[in-house]
Amino acid sequence: MNRIPFLDLVTPHQELEAELLAVVQRAFSNAGFIGGPMVEEFEREFASFCNAKYCVGVSSGTDAIRFALMAAGVEAGDMIVTVSHTFIATTEAISQAGAHIAFVDIDEKSYTLDPKKLSQFIETRCEFDSRSGKLIDRESKRRIAGIIPVHLYGQTANMDPILEIAARYNLFVIEDACQAHGAEYFSKKDNAWKRAGSMGKAGAFSFYPGKNLGACGEAGAITTNDAAMAQQMKMIRDHGQAKKYYHDMEGYNGRLDAIQAGWLSVKLRHLAKWNESRRSLAHRYHDLLAEANGAVVTPLEASWTKGVYHLYVVRVRDREALQAYLAEAGIGTGIHYPIPLHLQKAYQHLGHKNGDLPVTERVAAEIISLPMFPGLTHRQQEEVANNVKEFATSRVSATQGS
Ligand SMILES: Cc1ncc(COP(=O)(O)O)c(C=O)c1O
């Protein structure tokens, strides 16, 4: 056990124990375990939290992305553009929906899909057939159907230019908001702040326990402003039926459990406060680490985003050594993610090599996630920052001495 954990999941559940147990009692009293009022209540509340019209509860974030892609009309053999610097679920969902993955590099400051690289990809690799309105990958002749920007670490991608490119080429946008519950984006185009999950055709959320809003097990949701999409996703999650035993198509068993939904409703009431606390801890980390002689690159919160710091990720030159140094001091850390997806064994068949996505590769080699959770105390945070600074300073003096 680390003295300072990377994440504390025990304390919030102890604090909310009575309310969480009441949810179980409610479910036991009416045996409503699948669907029903608790799921519908949570869907209404979460849609409202995201400023979206509809929310469809599903069994995981991975299913949320997959069902959103299917409902958006992805067809077997289509291509979906996304980033390689994300959790594999983003691309698993693409493959599971029958589509192919096209990777585009990230922006080095926000670690999210770079709109300029997206444009370059389209201009150099694709052809737009204005008669059919289809964007085609020249080499494979596949249709590019959509884009999945990932709001990684709780920071939104730069959505205005991404949505503009998507509209120009007739592509749908599914936001992977699995790490970004409550994150906001300032749209210059609409002169308004927007919530993650309210900007694309749909937004996919994970409620994996460690997320900013986490279930006590597996759960996910899809938000959308499109009534037909919502209806379609409800059918896909429930064996293709809108009415029991009347199946319009084959679907999945991808529903959200009622008890999980009830627990999520309890926790949702605390989410704004928890996010605020993560934001203030992040700003404190920025200040504390600013003294590390520039050896530590802290996250940049771009002017167009209000991040919710699902993770607090810094960049250092020798991150394995820093991770070992912090472990020695009893401080938990994580690496999100050590190997970019395009270089993973699972995607060998795509034929990528080192150097294909230089920013992604550079970032993946240097990132390390420091402890970040709403109950992290200032004392603990100072201790983390002091250890990071000590490490960084010892490295700088070692280089100067050699
Ligand atoms: C960026 C991203 N996408 C998708 C997922 C998949 O979510 P889940 O684990 O709920 O299937 C996750 C969460 O683990 C994630 O972090």
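Right above here is the structure, for reference.
Residues numbered from 1 in each chain as written. Predicted model: local features only at pLDDT ≥ 70, side-chain atom pairs only at ≥ 80, totals over all residues. Heavy atoms only, no water.

Describe the site of the ligand, naming the residues involved and giving the relevant values.
The environment of the ligand is made up of 15 residues, and the closest members are Gly61, Thr62, Asp176, Ser206 and Lys211. Contacts to the ligand include serine 206, whose side-chain N or O atom sits 2.7 Å from an oxygen atom. Isolated, the ligand exposes 380 Å² of accessible area, and the fraction of that covered by the protein chains is 93%. Its residues placed into classes, the shell around the ligand shows 6 nonpolar, 7 polar and 2 charged. (Near = heavy atom within 4 Å. Polar contact = N/O pair within 3.5 Å; in protein donor to acceptor, adjacent residues only side chain to side chain. Areas by Shrake-Rupley, 256 points an atom, 1.4 Å probe, with all protein chains shown as cover. Nonpolar A, V, L, I, M, F, W, Y, C, P; charged D, E, K, R; others polar.)

Got a sec to walk through the pairing of strand S7 (residues 172–176)? Specific residues and values, please.
Burial runs high along S7: 5 of the 5 residues are buried. Pairing of strand S6 (residues 143–148) with S7 involves 2 bridges; the strand directions are parallel. Following the sheet pairing, glycine 146 is matched in S7 by phenylalanine 172. Between S6 and its parallel partner S7, the chain crosses via helix H7 (residues 159–168), and the hand of that crossover is right-handed. In terms of strand pairing, S7 meets strand S10 (residues 202–206) through 3 bridges, oriented parallel. Bridged to glutamate 175 within S10 is glycine 203. (Buried < 20%, exposed > 50% of the residue type's maximum accessible area, 1.4 Å probe, protein only. Helix = DSSP H or I, 4+ residues; strand = E, 2+ residues; numbered from the N terminus. Pairing = 2+ DSSP bridges. Right-handed = clockwise from strand over helix to strand, strands pointing away.)

Requested: an account of the packing of aromatic side chains, with residues and values cited.
As enumerated under the stated definition, the model contains 16 aromatic pairs in all. A ring pair is formed by phenylalanine 28 and phenylalanine 33, whose centres lie 6.3 Å apart and whose planes are at 75 degrees; its orientation type is edge-to-face. Look at phenylalanine 46 and phenylalanine 207: their rings are 5.3 Å apart centre to centre, the planes differ by 85 degrees, and that puts the pair in the edge-to-face class. Pair noted here: phenylalanine 46 is in helix H3 (residues 37–49) and phenylalanine 207 is in the loop between S10 and strand S11 (220–224), with a separation of 161 residues, a long-range link. For phenylalanine 207, a relative accessible area of 0% puts it in the buried group. Grouping aromatic residues by their ring pairs yields a cluster made of Phe42, Phe46, Phe49, Phe205 and Phe207. Note that arginine 66 overlies the ring of tyrosine 252, its terminal NZ or CZ placed 4.1 Å from the centroid. Lysine 306 extends its terminal NZ or CZ atom over the ring of tryptophan 193, reaching a point 4.2 Å from the ring centre. (Phe/Tyr/Trp six-rings, centres within 6.5 Å; stacked < 30°, edge-to-face > 60°. Lys NZ or Arg CZ within 6 Å of the ring centre and 35° of its normal.)

Give me empty space enclosed by the protein: which residues, what numbers.
A complete count under the given rule lists 1 cavity of 30 Å³ or more for this structure. Looking at the largest cavity, its volume works out to about 80 Å³. Looking at the largest cavity, the residues that line it are Lys109, Ser110, Tyr111, Tyr153, Gln155, Pro299, Leu300, Tyr309, Leu311 and Val313. Broken down by class, the residue content of the lining of the largest cavity amounts to 7 nonpolar, 2 polar and 1 charged. (1 Å grid on protein atoms, 1.4 Å probe; cavity = no way out; pocket = protein on both sides within 12 Å on 5 of 7 lines; lining within 4 Å. Points joined across faces, edges and corners; volume = space filled by probe spheres on them.)

Give me the lowdown on a nonpolar patch on the surface, citing residues and values where you can.
A surface patch of nonpolar side chains, about 330 Å² in accessible area, is lined by Phe28, Phe33 and Ile34. Mapping phenylalanine 33 onto the fold places it in the loop between helix H2 (17–30) and H3. (Patch = residues over 30% accessible without salt bridge, like charges linked within 9 Å, V, L, I, M, F, W, Y side chains within 5 Å. Salt bridge = Lys/Arg side-chain N within 4 Å of Asp/Glu carboxyl O.)

Help me get a handle on helix H9 (residues 258–289), residues and values and all.
The end-to-end C-alpha separation of H9 is 43 Å, in line with the 46 Å expected for 32 residues at 1.5 Å each. Histidine 270 marks the point of greatest bend in H9, at about 45 degrees. Of all 32 residues in H9, 23 are buried, a share of seventy percent or more. (Expected span 1.5 Å × (residues − 1). Bend = angle between axes of the 7 residues up to and from the residue.)

Describe the pairing of strand S16 (residues 367–370), with residues and values.
Side chains Ile367 and Ser369 of S16 all project onto a buried face; the interleaved residues Ile368 and Leu370 project onto the opposite face, where all are buried too. When strand S15 (residues 312–315) meets S16, the two strands line up antiparallel, connected through 4 bridges. Paired with valine 313 across the strands is serine 369, a residue of S16.

Got a sec to walk through the sheet that holds strand S8 (residues 184–187)? Specific residues and values, please.
Spatially, 3 strands are ordered S9-S8-S14 in an open sheet, and the strand pairing comes out antiparallel. With partners counted over all chains shown, the strands left at the sheet margins are strand S9 (192–195) and strand S14 (305–306), one partner each. Pairing of S8 with S14 involves 2 bridges; the strand directions are antiparallel. The residue of S14 that forms the bridge with glutamate 184 is lysine 306.

Can you explain the pattern of salt bridges? Please cite residues and give values.
For the structure on display, the rule yields 22 salt bridges. The partner of aspartate 190 in a salt bridge is lysine 189, and the shortest N-O contact between them spans 3.6 Å. For aspartate 190, a relative accessible area of 37% gives the class partly exposed. Classification of lysine 189 as exposed rests on a relative accessible area of 65%. Aspartate 226 serves as the salt-bridge partner of lysine 201, at 3.1 Å between the closest nitrogen and oxygen. Residue lysine 201 is found in the loop between S9 and S10, and its partner aspartate 226 is found in the loop between S11 and helix H8 (227–237); the two are separated by 25 residues along the sequence. Judged by relative accessible area, lysine 201 falls into the partly exposed class, the value being 31%. In this structure, a network of salt bridges that share partners links the residues Glu108, Arg315, Arg362 and Glu366.

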